[in-house]
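Analysis of the macromolecular model
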Amino acid sequence: MPSSRRYDGPVTSRPHLTLAERKRRLVSDELTESALQLLALKGYEAVTIDEIVTAAGVSRRTFFRYFGSKEDVVVQFLADMGDGMRAELAERPVDEPPSVALLHAVRVPLAACSSHSERALRVVQLILRTPALLARFLERQAQWRGDLTQEVGRRTGLDPDADLYPRLAAGMALTAFDTVLQRWSTTEGAEDPAELLDRAFDVIAPALDAGRT
């Protein structure tokens, strides 16, 4: 059982964006959307940056203002997924069981998969089947684990550097997420990813919640 050591870790908040920052985000999102659609349709190697900028209606110069390569587009997409998970976990009620809070956090990126299932499936398959993108995906997962570990520590009052629970809890949640993506990808989207995630958390929930008793 984790110790009762209190931990007041970093508290995250959503920054207020200026008008210029919002405009930059809109352009970045449009480039990401166009790139992911093309990459999912044609494959990573087949898509050129010229095709991406044409689809997005911007110049090559604008593309390189935001991204250094096609790979960076996918990396930004993955970074946004991680930000969404941590933000959701930070907003869950503090008295909510860890399994419920973490399930809601991990559902955030899967919600996009469910609402745009065909394209999302192709993007997931693209990432998992392209060595360069898979390597970046694994890098991002390590960062997500660190971010979620800090948030679990803040919520539970446990110091992630001294107690095992925060990192283990974050790791279990992300393992469930990764398992669902792998299953969804290999079965060609035959199962609902949200339902798969619920089933995965049914398996790990007892350990997540027992660790906090």
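Here the structure is a predicted model, which is why all the values come from computation and not from measurement.

Looking now at the packing of helix α1 (residues 19–42) against helix α2 (residues 49–56). Running from N to C, α1 and α2 cross one another at 125°; their axes reach a closest spacing of 9 Å. When the axis of α1 is compared with that of α2, the two are oblique. Considering how the two elements wind past one another, α1 and α2 form a crossing that is right-handed. Residue-level inspection shows E30, L31, S34, A35, L38 and K42 of α1 in contact with α2, the latter providing E51, I52, A55 and A56. Here the contact of α1 with α2 is built from residues that sort into 6 nonpolar, 1 polar and 3 charged.

Inspection of every chain in the model, using the stated rule, returns 4 aromatic pairs. Ring plane angle 85° and centroid distance 5.2 Å describe the contact between F63 and F64, whose orientation is recorded as edge-to-face. On the accessibility criterion, F63 (0% relative accessible area) is buried. Exposure remark for F64: the relative accessible area of 38% places this residue in the partly exposed category. Taken together, a centroid distance of 5.7 Å and an interplanar angle of 50° make the contact between F63 and F67 tilted. F67 matches F63 in its accessibility class, with the two residues each being buried. Grouped by ring-pair contacts, the aromatic residues F63, F64 and F67 constitute a single cluster.

The rules behind each value
Residues numbered from 1 in each chain as written. Predicted model: local features only at pLDDT ≥ 70, side-chain atom pairs only at ≥ 80, totals over all residues. Heavy atoms only, no water. Axes fitted to C-alpha atoms, helices over the stretch in contact; angles between N-to-C directions. Helix = DSSP H or I, 4+ residues; strand = E, 2+ residues; numbered from the N terminus. Parallel < 35°, antiparallel > 145°, perpendicular 65-115°, else oblique. Left-handed = near helix turned anticlockwise from the far one by under 90°. Contact = heavy atoms within 4.5 Å. Nonpolar A, V, L, I, M, F, W, Y, C, P; charged D, E, K, R; others polar. Phe/Tyr/Trp six-rings, centres within 6.5 Å; stacked < 30°, edge-to-face > 60°. Buried < 20%, exposed > 50% of the residue type's maximum accessible area, 1.4 Å probe, protein only.

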